[in-house]
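Here are the chains, one letter per residue:
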Amino acid sequence: MTSGGASAARPLVSGRSVQARRARRPWLLAGLSLAVAAVLLSPLAFLLLEASGAGVGTIAHIIWRPLTATLLWNTVRLTVVVTALCAVIGTLTAWCVECTDLPGRRLWAVLVVIPFAIPDFVVSFAWSSISTWVQGFQGAVLVMTLAVYPLVHLPVAASLRSADPSLEDAARSLGVGPVRIFLRVTVGQARGAILGGCVLVALVILAEYGAFEILGYQTFTTEIFTEFQVSFNVPSACALSLVLVVLSCLILGGEVPARGRGRVQRTGQLAQRTRRRHRLGRAALPVQAALLALVVLALGVPVGAGVYWMLEGGVPMLTGVSVLDAGWHTALYSGAAAAVATLLALPVALLAVRHPSPGGRLLERSTYLVLAMPGLVIALAISYFAERYAGGLGYQTSALLVGAYAILFFPLALVGVRASVAHAPADVEEAARSLGRSPGGVLWRVTLPLIGPGLAAAFCLVFLACATELTATLVLVPTGVQTLATQFWAYQQNLAYGQAAPFALVIIAIAAVPSYVLARYFDRLPGRSGATV
Amino acid sequence: MSATPGGVAVSDLHKSFGSHPVLRGVDLQVPEGAFAAVLGASGSGKTTLLRILAGFERPDRGVVAVGGVTLDDDHHHLPTERRRIGYVSQEGSLFPHLTVAGNVGFGLRRGRSHDAVVAHLLELVGLAGLARRYPHQLSGGQQQRVALARALAVRPRIVLLDEPFASLDAGLRASVRADVQSVVRRSGATVILVTHDQDEALSLADLVAVLRDGAIAQVGSPRDLYDTPRDPELAGFVGEANLIEATSDGSTAETRFGRLALRDGHHSAGQPLTVLVRPEQLRVTPAAEAAAGVAARVVETGFHGHDAVVRVAAEAGPPSPLLARVLGELRFEPGARVVLSVEGPVHSWPREVGG
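Residues numbered from 1 in each chain as written. Chains lettered and ligands numbered in written order. Predicted model: local features only at pLDDT ≥ 70, side-chain atom pairs only at ≥ 80, totals over all residues.

A. Looking closely at the overall build of chain A. A count of helices and strands for chain A gives 24 helices and zero strands. Put simply, chain A has 533 residues, and 49% of those count as buried. Long-range contacts, defined as pairs at least 24 residues apart, comprise 83% of the intrachain contacts of chain A with a sequence gap of at least 6. (Helix = DSSP H or I, 4+ residues; strand = E, 2+ residues; numbered from the N terminus. Buried ≥ 20, exposed ≤ 12 C-beta atoms within 10 Å, placed from the backbone. Contact = placed C-beta atoms within 7 Å.)

Take a look at the structure:
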């Protein structure tokens, strides 16, 4: 029953049919992963090169300006306030949906998550177009909170769903009241997830550009954009970028020690019991009213404003054609970037899952440093590189934009690919070998069917992120080409709300539905509770 | 190697992971059609041995041959898929994306007999109705049976079982064990089971090899291994053991339980010995009924239903308690006065008397 391989012809006893040894140290994988890490960290290297080119004195001089203090104050206070609000709102919504007998909680679970898919600059546009109050600091707090609280809700909900219900029972048997159980046991178990969500929220706020530009709120990103695109002041943009990267690194690093403390351990994983839900009783009505208000503000206003402006503007024929054209380019760049990012993530994920080692872990961690680099900074570093070292050849070509996307959303791809690789454990492949399948046959009949869906999910995740990306696209999009986001931006900048609105609605439509499907997919993966990204 | 024409012959097998040696010269012969068990504590290298036989790992040195054909030596390494060696892992390692029938038929060529073979195997392992289920819809015991059927489908010459019962709960384990044993015996394949459970090894196999520190410490029938272990440490590993000091008297030994017949061989008179008294050889009688023997007190009783293990401490002699196995209906309360005697011949080793 053995399937005859290509080298099967020779009798074993006589020939020297030495088979390639299964590499004990996966040099090839390690080499590829190292190359991927180098590519991912190259923007950081360019940034430092650029800074050193300008001279330490110049950079220091630029940083020690009153402007920097203003930007720092603006950025930090917004980050702190929005992160705190998101932590509270996201945890409460997650608890209501996962742990209570809230009527219609399946529907709520969907409605509460959808705002995640609407790009921040679209939310910002919608709010500022209907109210003059929504601008500056208070506007930024409102818009960002409504746009990003699902980043806390999603991991916390996943964590609560997989949490051990017996812990609450144990606390009750020790005579602890319901409020203290919520604070000490329920929230305690979800602590890692809440923290992870907060880190993501803070990073998003540091990286956001479009929303703040619309609201007229000055942060590091808006100032960097102005210095680079309007004033062409490269040293200044570079210096401010460095400060921004340091801020992001601080936030990313702040999570590491907190995460190590008190890892949630689960005993007896086989006995999965159904969770008893807390009865809301009379509180059910007010809770539903609060959730309704949240959904109206976060989902109703953006969609409603879009529809309103579209009807008001009386869409001209030209818009229909340009939506198609812009949509085609968005799909083209996003698709290419998603494929590249998924491919790049494969060796890193294989190394981390199949050959766990301290070096491999360090390598995997280092790729997460990309999270600390806002899209704007990556775009600037890449365009600087293209201009300075590639002789301006690559600047504003599709390849450069695709490369920037792939680097920017690599962590997203890695999460998906890693989970899918973990779905195909080595022992299952060995079982297939022992049943007479050649390595190629194993790949085709076992490995690919197992990891295929996960790879597709990773691809879609990156695709969606690229399709709704604005900042890096504005910097790197090829001249004369418009994507959905840049075309929306151009109309919006000219206050052509009626023409911008269809683009906003198309972006919402292509992002919301698949995002929901993907969120459900990742929730169902085992071992994903409370993980970041 | 000529001793085992169709069986497995392993000689001088070495394997290290990094600087950590796992196997240091394993020699093992398993005759064709035998059910062999490799018994070892965790970390003794038993799974590594099995993975080398399956071809998942390559030995650093040594020879693996099956039926006189070399699979592994310094120059050759036959890849797993051409060995015709079935492997059932501890977790079963079923393909999660295939049904039970898909799993069992995985190694079979598509053809007229395909479905019939799958159906026959599922019937053999008692899962005829579950062909269309997916692995996650099965219990642990059912998953193991599917894994076994899948391995047997390709008619392997050898079936390797890597602690296949360890993840099952106690109630299930006995029935799955019995089923697996009868199924693999009917298949005619040579079976090698690795386990850390001496009960499992002794009750299932007709040949038991004890792996200790990366080498085979002793090979023999379960009976031999239990009755005449090579050293006191092995005696404790394959069962509970009372080790008692004695002095040789030719073919008998003088002990505090009187003169005991030695199971094997002679020692020169006056040679200090350690003798092995299995708990079931130690007879415990209430002091009131006994005629002669060693006076002792019951320390504690562990009741197991069919039998009970009684810990007793002799009133004179070394203070370490002795273990006796008695029938379950006998009652010994802690503190009760009893008399001990030894039944049957005992196994012995020369004892070095320290200065």
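Now that the structure is up, let's keep going.
B. View of the overall build of chain B. Counting its secondary structure elements, chain B contains eight helices and 20 strands. When its C-alpha atoms are laid out on the principal axes, chain B stretches across 75 × 45 × 35 Å. Within the span of chain B, comprising 355 residues, buried residues form 41% of the whole. Considering only residue pairs separated by 6 or more positions, chain B has 66% of its internal contacts joining residues 24 or more positions apart.

C. Region of interest: the sheet that holds strand β12 (residues 252–255) of chain B. Residue and element names in this part refer to chain B. Here five strands make up an open sheet; going across it, the order is β13-β12-β11-β14-β20 and the pairing antiparallel. Two strands close off the open sheet at either side, each with one partner strand: β13 (258–261) and β20 (347–350). Pairwise comparison of adjacent strand axes, ignoring direction, gives a mean angle of 40° for this sheet. Taken together, the four bridges between β12 and β13 define a ladder with antiparallel strand orientation. Bridge pairing in β13 places Ala-253 opposite Leu-260. (Pairing = 2+ DSSP bridges. Axes fitted to C-alpha atoms, helices over the stretch in contact; angles between N-to-C directions.)

D. Highlighting the sheet that holds strand β2 (residues 20–30) of chain B. All names here are of chain B. One open sheet accounts for four strands, arranged β2-β1-β4-β5; its pairing is antiparallel. The sheet is open, and its two edges are formed by β2 and β5 (69–72), each paired on a single side. Within the sheet, the average angular offset between the axes of one strand and its neighbour, ignoring direction, is 30°. Across five bridges, the pairing between strand β1 (residues 8–17) and strand β4 (residues 61–66) is antiparallel. Paired with Val-8 across the strands is Val-66, a residue of β4. Of the strands in this sheet, β1, β2, β4 and β5 are in contact with helix α1 (residues 46–54), which crosses β2 at around 65°.

E. Local environment of helix α4 (residues 140–153) of chain B. Residues and elements named next belong to chain B. Under the 1.5 Å per step criterion, the end-to-end length of α4 is 20 Å for 14 residues, consistent within 8% with the ideal 20 Å. In terms of burial, α4 is a largely internal element, 13 of the 14 residues being buried. Following α4 by one or two positions, Arg-155 has its phi on the positive side, about 50°. (Expected span 1.5 Å × (residues − 1).)

F. Representation of the packing of helix α20 (residues 426–434) of chain A against helix α21 (residues 439–467) of chain A in the model. All names here are of chain A. Where α20 meets α21, the axes come as close as 10 Å, and the angle between the chain directions of the two elements is 135°. Relative to α21, the element α20 lies oblique. For the pair α20 and α21, the crossing hand works out as right-handed. Across the interface between the two elements, Val-428, Glu-429, Ala-432 and Arg-433 of α20 pack against Val-442, Arg-445, Val-446 and Thr-447 of α21. In terms of residue class, the contact of α20 with α21 is built from four nonpolar, one polar and three charged. (Parallel < 35°, antiparallel > 145°, perpendicular 65-115°, else oblique. Left-handed = near helix turned anticlockwise from the far one by under 90°. Nonpolar A, V, L, I, M, F, W, Y, C, P; charged D, E, K, R; others polar.)

G. Spatial organisation of α1 of chain B. Judged by how many residues are buried, α1 of chain B sits mostly within the fold: seven of nine residues are covered. Within two residues after α1 of chain B, Gly-55 of chain B carries a phi angle of roughly 90°, on the positive side.

H. Fine view of the pairing of strand β11 (residues 242–248) of chain B. All names here are of chain B. Covered by surrounding structure in β11 are Asn-242, Ile-244, Ala-246 and Ser-248 only, the residues Leu-243, Glu-245 and Thr-247 on the alternate face being uncovered. Bridging between β11 and strand β14 (residues 272–277) involves six bridges; their strand directions are antiparallel. Residue pairing in the sheet places Leu-243 in a bridge with Leu-276 of β14. When β11 meets β12, the two strands line up antiparallel, connected through two bridges. Bridge pairing links Thr-247 to Glu-254 in β12.

I. Expanded view of the environment of Leu-195 of chain A. As for its position among the elements, Leu-195 of chain A is in helix α10 (residues 191–207). For the pair Leu-195 of chain A and Ala-509 of chain A, spaced 314 residues apart in sequence, the C-alpha separation works out to 30 Å.

J. Geometry of unusual backbone geometry. In this structure, Leu-495 of chain A takes a positive phi of about 60° despite not being glycine. Its location among the elements puts Leu-495 of chain A in the loop between α23 (484–493) and α24 (497–524).

K. Looking closely at the confidence of the model for chain A. Residue and element names in this part refer to chain A. Looking at chain A as a whole, its pLDDT mean stands at 80, while 84% of the residues score no less than 70. Confidence, expressed as mean pLDDT per element, reaches its minimum in chain A at helix α8 (residues 165–173) with 71 and its maximum at helix α6 (residues 136–148) with 93. The model gives residues 1–23 a pLDDT under 50, and that stretch makes 34 contacts with residues more than four places away or in other chains. (pLDDT = per-residue confidence, 0-100.)

L. Spatial organisation of the confidence of the model for chain B. For chain B, per-residue confidence averages 87 on the pLDDT scale, and 97% of positions sit at 70 or higher. Confidence metrics for the complex model read pTM 0.74 and ipTM 0.74.

M. How the structure looks around the packing of helix α3 (residues 66–99) of chain A against α10 of chain A. Residue and element names in this part refer to chain A. Remark: α3 packs on α10, axes separated minimally by 9 Å, with the N-to-C direction vectors making an angle of 145°. Between α3 and α10 lies a crossing of right-handed hand. Between α3 and α10, the contacting residues are Thr-75, Leu-78, Thr-79, Val-82, Thr-83, Cys-86, Ala-87, Gly-90 and Thr-91 on the first element and Ile-194, Gly-197, Cys-198, Val-201, Ala-202, Ile-205 and Leu-206 on the second. For the contact of α3 with α10, the per-class residue count stands at ten nonpolar, six polar and no charged.

N. Structural view of the environment of Thr-83 of chain A. Residues and elements named next belong to chain A. You can see Thr-83 is positioned in helix α3. The sequence separation of Thr-83 and Val-141 amounts to 58 residues, and the corresponding C-alpha distance is 9.6 Å. In this structure, Thr-83 is in contact with Cys-198, Val-201 and Ala-202, ignoring residues within four places of it in sequence.

O. Spatial organisation of the environment of Arg-361 of chain A. Mapped onto the fold, Arg-361 of chain A is located in helix α16 (residues 358–367). Spatially, the C-alpha atoms of Arg-361 of chain A and Val-348 of chain A are 9.5 Å apart, while their sequence positions differ by 13 residues.

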